[in-house]
Amino acid sequence: MNNSSDNGAQSVDPEALPWIAAILREGTLDFLQKKSATEAEIRELDPSRQVWLALNFLRWYLANTDGTYRHNCWQVSEAMFRLWLRDLPFGADDVLFILKALQSNEYLLFGGDKRLLALVRFHLKDHPPTPELQTEVETLCRRLEWGNTAHRQLADKLRSLFPKPEGALPLLEGEAWSDGALAFLQEQSPEILDPWRDLLEHCVGATGGKPGAKWLKQARELRGRLGADVFVQTLLVWLPWVDLPRTRPLPDWRAGADVMTDKNADILRGLVWLCGDLEERELVEALAKLTLSAYRKIPQLGPRCPRVGNAALWALSQMPTLGAAAQLSILKTRVKGSAAQKAIAKALQSSAERAGLSPSDLEELAVPTYGLTAVGLRRETWGDFQVELRVEGSRRVELAWFRADGKPQKSVPKAVKREFAEELKALKQDQKSLQTMLSAQSARLESFYLQPKTWSFPVWESRYLNHPLLGRLTRRLLWTLDRGENSAVVLWQEGELRDRAGAGIPWLDDQTQVSLWHPITASIETVQAWRARLWEHQITQPFKQAYREIYLLAPAEETTRVYSNRFAAHILKQHPFNALCAQRGWRNQLRLMVDDDCPPATLTLENWGLRAEFWIEALGETYGADTNETGVFHYVATDQLRFYPLSAPTNYAHACGGGYSVNSTVAPLPLETIPALVFSEVLRDADLFVGVTSVGNDPNWFDGGPEGRHRDYWQSYSFGELSASAETRRQVLAALLPRLKKIRERCELQERFLRVRGELRTYKIHLGSGNILMEPNDQYLCIVQAPGSRESIFLPFEGDQTLTVILSKAFLLAADSEITDPSITRQILTH
């Protein structure tokens, strides 16, 4: 027997095995209640003998486990932990052996909790804190940082047992932004470094949803020692690094290159809170980008770092500039997830209250111009050259260069690059930001259909029609004007608002009310006339308006009365469906193979006092085949669409499917009582969900997917009857084909297909799915992605990706003898 301490390199001492066997024979209840007779005997042993046993318990545990919890071993580890709680004479080598062992055994590391703290504390009472010991403790602390709150607190307490290294900074290495910040700070003079160190230490305590008054006051005093300019310029360097992958990926973590440590996240949260009273435009945009990075979804984990995203939203809501509100408006259209959307709405509400406005008025007034001096145009003169920043159409932003004599330049002049580098960089950033803002404002305008709003003409003229940015979108849309008995639908034409007959409107004053026009209020003749006007003036609308699909109550829905089956029995890809729900304002919960209940996809219609429910259920029964590795189902099936009062209880269904448990206290509303515009827009969303995410759109699914189970569905959807959106596509193609000189003689529009005659074969492109059949035997042709057409094609609206795909395939197949892709030619030449 060896009673002395050792470095732990040897195997279990045979004399320790009877003690281990005795512990394993103890009753679990007695052991849990600390009534173990064996433990009582151990406590009577000489302290050095107890140390010997503790070390042998550890060696035995490591030899009999693989780093995880083992039910038949836990009593041995617990006996060891309890010995750590006693002030025993563990030597320096003993403690180092234990610390190194814990690095390879997560159960012991995270299960040791306060017992590990006691072991180290007792040891340091009689031994000096050697550098080697401190290094091993710090290694364990970095692992503990990835545990729960108690583990992070344990790491802080362990670190507090050692003298703090002189000049140490609280940031943890391993993340791009923290590494960059540490490198920057270590190069600074004490006059800069010391204030930063104090500020970062203060930010370690940045916890909670928003800063307390006392914390914020002290933080601003610390920032004052640096100077606001230094603080802002430094953050403008650090913040973009937050979106970069970790410099030290975590090998045992899913998405280990993307996650953030809690301590670094808390420090970053504090720094971001300190931006709330600043107003620099570059900082505003940097915080918006940080928000997107923080809320970015990590597959199978969720948002990357909500605490940082929430902090950025709080700061934006407090910043004394309309530019911050404009960024919140953009974030509302770009950030997904119900929790994030709630946080953005709260931030907008807070910002609006501070400005004494409603959130919608604030969003309107906050739209930036990006230096545009006329609608869609900005001019700058730099030396001998002039540049124009132009909004082309409703989504594209371009730069055009001219010499002093007005002659166009194809690219940025070298003199500009050399003499105006900073100005050019800022202009290109404005171009990029303007493009993003146009997309966000287009989505906001379209939202007025289900969140109706009316303006007096002077307000609308100022905020929309003549706004340098919004005017470019507003002037491409149709608007309804009402003044007493006078009413008109108008479009901006030839420098003024004109009605369907092309006449101006003489009664435009502060009594005139303006609202966004919807085709459901018009006759077919009127809609056709406005569509013709779009083609005549080559006006591309930012979203479907004149060509907007209308969904009226169908005979089948008059029979079912309280629900619609119009979009039932479709198979959707769950992840794209979930993302599209968030984009369109619906709340949806991913279906996992777990014993849980889920509500249907839900759209809240507060302005109408209604809630729409689109029932879906998971497809599949086999974990790993029908789900991903975390149990999320790949596919869902659609069912009924219903409407309820806003206050009605939500229905639920089991996450794995099996039908909904309908709440019987509140009946669904009869469809005939739903306002026609609401009914049409909700069904349009359902059509969009199916049209975009159905497996029937995927050319790779022609074999029916897993085990061919859905072959019949794929076939019927890919080449079956047209939906309302596909019918709209057909109407657009009917007007477009005569204008396509290159392929019009080779194309023929049929009931469900665009028929294209190539040199080798004739093809039928389905107007709903975009999938292709080849004559004469209707052989399927799989083209995953066709190259875009080089021909400039006018379309009367933005946003129909399937129409773009159909046109690209038509151009490709009309010249099929020129196709060089062997994966396509092989199919064409096989009869």
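What this report covers is the structure whose coordinates are included nearby. What you see is a predicted model, and the numbers here were worked out from it, not measured in a lab. (Residues numbered from 1 in each chain as written. Predicted model: local features only at pLDDT ≥ 70, side-chain atom pairs only at ≥ 80, totals over all residues. Heavy atoms only, no water.)

**Details of the overall build of the protein chain**
Within the protein chain, the secondary structure is distributed over 31 helices and 23 strands. Considered along the principal axes of its C-alpha atoms, the protein chain spans approximately 105 × 65 × 60 Å. For the protein chain, the residues scored as buried account for 51% of the 831 residues in total. Considering only contacts in the protein chain between residues 6 or more positions apart, those separated by 24 or more positions represent 68%. In the protein chain, the 97 positive side-chain charges and the 103 negative ones have mean positions that sit 3 Å from each other. (Helix = DSSP H or I, 4+ residues; strand = E, 2+ residues; numbered from the N terminus. Buried < 20%, exposed > 50% of the residue type's maximum accessible area, 1.4 Å probe, protein only. Contact = heavy atoms within 4.5 Å. Lys, Arg positive; Asp, Glu negative; His and termini not counted. Charge placed at Lys NZ, Arg CZ, Asp CG, Glu CD.)

**Some details on the nonpolar core**
With 59 residues, the main nonpolar core has Trp-177, Trp-196, Phe-231 and Leu-271 as its most contacted residues. Setting aside anything within four residues of it in sequence, one finds Trp-177 in contact with Leu-171, Trp-238, Trp-241, Val-242, Met-260, Asn-264, Ile-267, Leu-268 and Leu-271. (Core = buried A, V, L, I, M, F, W, Y, C linked by side-chain atoms within 4.5 Å.)

**Observations regarding the side chain of Gln-779**
Relative to the elements of secondary structure, Gln-779 occurs in strand 23 (residues 779-781). A polar atom in the side chain of Gln-779 sits 3.0 Å from the side chain of Arg-761. (Polar contact = N/O pair within 3.5 Å; in protein donor to acceptor, adjacent residues only side chain to side chain.)

**Let's talk about the sheet that holds strand 16 (residues 635-645)**
Taken together, 4 strands build an open sheet; the order of strands is 12-16-15-14 and the sheet is antiparallel. The strands lining the two open edges of the sheet, one partner per strand, are strand 12 (571-573) and strand 14 (601-605). Between one strand axis and the next, the sheet turns by 35 degrees as a mean value, whatever way the strands run. Each of strand 12, strand 14, strand 15 (610-618) and strand 16 is contacted by helix 26 (residues 574-583), which is oriented at about 80 degrees to strand 12, the strand it contacts most. (Pairing = 2+ DSSP bridges. Axes fitted to C-alpha atoms, helices over the stretch in contact; angles between N-to-C directions.)

**Some remarks on the sheet that holds strand 6 (residues 408-409)**
A sheet is described by the order of its strands in space; here 4 strands give the open sequence 3-4-5-6, paired in antiparallel fashion. Unpaired on one side and paired on the other, strand 3 (377-382) and strand 6 mark the two borders of the sheet. By the bridge criterion, 2 bridges tie strand 5 (residues 396-403) to strand 6 in an arrangement that is antiparallel. Its bridge partner being in strand 6, Trp-401 is matched across the sheet by Gln-409. The strands that helix 21 (residues 421-446) touches are strand 3, strand 4 (385-392) and strand 5; relative to strand 5, the one it contacts most, it runs at about 150 degrees.

**Let's talk about helix 4 (residues 47-64)**
Helix length check: helix 4 (18 residues) gives 26 Å between terminal C-alpha atoms against 26 Å at 1.5 Å per residue, within 8%. With respect to burial, helix 4 is a largely interior element, 13 of its 18 residues being buried. (Expected span 1.5 Å × (residues − 1).)

**Observations regarding helix 16 (residues 306-318)**
Compared with an ideal rise of 1.5 Å per residue, which puts 13 residues at 18 Å, helix 16 spans 18 Å between its outermost C-alpha atoms and is within 8% of the ideal. Taken as a whole, helix 16 has its buried residues at Val-308, Gly-309, Ala-311, Ala-312, Leu-313, Trp-314, Ala-315, Leu-316 and Ser-317. Looking at the buried residues of helix 16, the elements they touch are helix 12 (213-226), helix 14 (262-273), helix 15 (281-295), helix 17 (322-334) and helix 18 (338-355).

**A word on the pairing of strand 11 (residues 513-516)**
Residues Val-514 and Leu-516 of strand 11 are buried on one face, while the alternating residues Gln-513 and Ser-515, pointing to the opposite face, are not. As paired strands, strand 7 (residues 455-456) and strand 11 are joined by 2 bridges and run antiparallel to one another. Across the sheet, residue Ser-456 finds its bridge partner in strand 11, namely Gln-513.

**Overview of the pairing of strand 4**
One ladder, built from 6 bridges, connects strand 3 with strand 4; its direction is antiparallel. In the strand pairing of strand 4, Leu-377 is matched with Arg-390. Between the antiparallel neighbours strand 3 and strand 4 lie 2 residues, among them Gly-383 with a positive phi of about 65 degrees. As paired strands, strand 4 and strand 5 are joined by 8 bridges and run antiparallel to one another. Considered in strand 5, the bridge of Phe-385 is made with Arg-403. Connecting strand 4 to the next strand, strand 5, in antiparallel fashion are 3 residues, including Gly-393 with a positive phi near 65 degrees.

**Points about the packing of aromatic side chains**
What describes a pair of aromatic rings is the distance from one ring centre to the other and the angle between the planes of the rings. Applying the stated criterion across every chain, the model contains 28 aromatic pairs. Here the aromatic rings of Trp-535 and Phe-794 are separated by 5.2 Å at their centres, their planes lie at 75 degrees, and the arrangement is edge-to-face. Residue Trp-535 is located in helix 24 (residues 524-537), and its partner Phe-794 is located in the loop between strand 23 and helix 30 (801-814); the two are separated by 259 residues in the primary sequence. On the basis of relative accessible area, Phe-794 is assigned to the buried category, the value being 15%. (Phe/Tyr/Trp six-rings, centres within 6.5 Å; stacked < 30°, edge-to-face > 60°.)

**Quick notes on the environment of Leu-124**
Relative to the helices and strands, Leu-124 is located in helix 7 (residues 106-126). Sequence spacing of Leu-124 and Phe-162 is 38 residues, and the spatial spacing of their C-alpha atoms is 8.9 Å.

**Regarding the state of the cysteines**
What the rule picks out here adds up to 0 disulfides. The closest cysteine sulfur to the non-disulfide-bonded Cys-305 is located on Cys-203, 14 Å from its own sulfur. Given a relative accessible area of 5%, Cys-305 falls into the buried group. (Disulfide = S-S within 2.5 Å.)

**Things to note about unusual backbone geometry**
In the segment running from Glu-775 into Pro-776, the intervening peptide bond is cis, with an omega of 10 degrees. Relative to the helices and strands, Pro-776 resides in the loop between strand 22 (772-774) and strand 23. Backbone geometry at Glu-494 places phi at a positive 50 degrees, although glycine is not the residue there. On the secondary structure map, Glu-494 appears in the loop between strand 9 (486-493) and strand 10 (496-498).

**Some thoughts on the pattern of salt bridges**
A full pass over the atoms with the stated rule returns 54 salt bridges. Two residues, Arg-223 and Asp-277, come together in a salt bridge whose shortest N-O distance is 2.8 Å. Here Arg-223 is found in helix 12, whereas its partner Asp-277 is found in the loop between helix 14 and helix 15, with 54 residues between them in sequence. Residue classification places Asp-277 among the partly exposed residues on the basis of a relative accessible area of 32%. Notably, a salt bridge pairs Glu-496 with Arg-498, separated by 3.0 Å at the nearest N-O pair. Connected through salt bridges with shared partners, the residues Glu-446, Lys-544, Arg-548, Glu-549, Arg-584, Glu-681, Arg-684, Asp-685, Arg-729 and Asp-800 form a single ionic network. (Salt bridge = Lys/Arg side-chain N within 4 Å of Asp/Glu carboxyl O.)

**Focus on the packing of helix 17 against helix 21**
Interhelical geometry of helix 17 versus helix 21 gives an angle of 70 degrees and a closest axis separation of 9 Å. On the basis of the axis angle, helix 17 is roughly perpendicular to helix 21. Contacts from Ala-326, Ser-329, Ile-330, Thr-333 and Arg-334 of helix 17 reach helix 21 at Thr-436, Met-437, Ala-440, Gln-441, Ala-443 and Arg-444. In terms of residue class, the contact of helix 17 with helix 21 is built from 5 nonpolar, 4 polar and 2 charged. (Parallel < 35°, antiparallel > 145°, perpendicular 65-115°, else oblique. Nonpolar A, V, L, I, M, F, W, Y, C, P; charged D, E, K, R; others polar.)

**Digging into a nonpolar patch on the surface**
A cluster of nonpolar residues, Leu-322, Leu-357 and Leu-365, forms a patch on the protein surface that exposes about 220 Å² of accessible area. As for its position among the elements, Leu-322 is in helix 17. (Patch = residues over 30% accessible without salt bridge, like charges linked within 9 Å, V, L, I, M, F, W, Y side chains within 5 Å. Areas by Shrake-Rupley, 256 points an atom, 1.4 Å probe, with all protein chains shown as cover.)

**A look at the packing of helix 6 (residues 92-103) against helix 8 (residues 131-144)**
When two helices pack together, their arrangement is captured by the angle between the axes and the distance separating the axes. Relative to each other, helix 6 and helix 8 sit at 25 degrees, their axes nearing to 10 Å. As judged from the angle between their axes, helix 6 and helix 8 are roughly parallel. As helix 6 packs across helix 8, the resulting crossing turns out to be left-handed. Together, Val-95, Leu-96, Leu-99, Lys-100, Leu-102 and Gln-103 of helix 6 and Glu-132, Leu-133, Glu-136, Val-137, Thr-139, Leu-140 and Arg-143 of helix 8 make up the contact between the two elements. The class makeup of the residues in the contact of helix 6 with helix 8 is 7 nonpolar, 2 polar and 4 charged. (Left-handed = near helix turned anticlockwise from the far one by under 90°.)

**Here we look at the environment of Leu-646**
Its place among the elements puts Leu-646 in the loop between strand 16 and strand 17 (652-654). Along the sequence, Leu-646 and Gly-609 sit 37 residues apart, while their C-alpha atoms lie 5.1 Å from each other. Residues contacting Leu-646, with those up to four places away along its chain left out, are Thr-604, Leu-605, Glu-606, Gly-609, Leu-610 and Arg-611.

**Some words on the side chain of His-570**
Inspection of the secondary structure assignment puts His-570 in the loop between helix 25 (555-560) and strand 12. Side-chain polar atoms of His-570 contact the side chain of Tyr-713, separated by 2.8 Å. Among all residues touching His-570, those that are not within four sequence positions of it are Val-636, Ala-637, Thr-638, Val-690, Tyr-713 and Tyr-717.

By themselves these figures say nothing about function.
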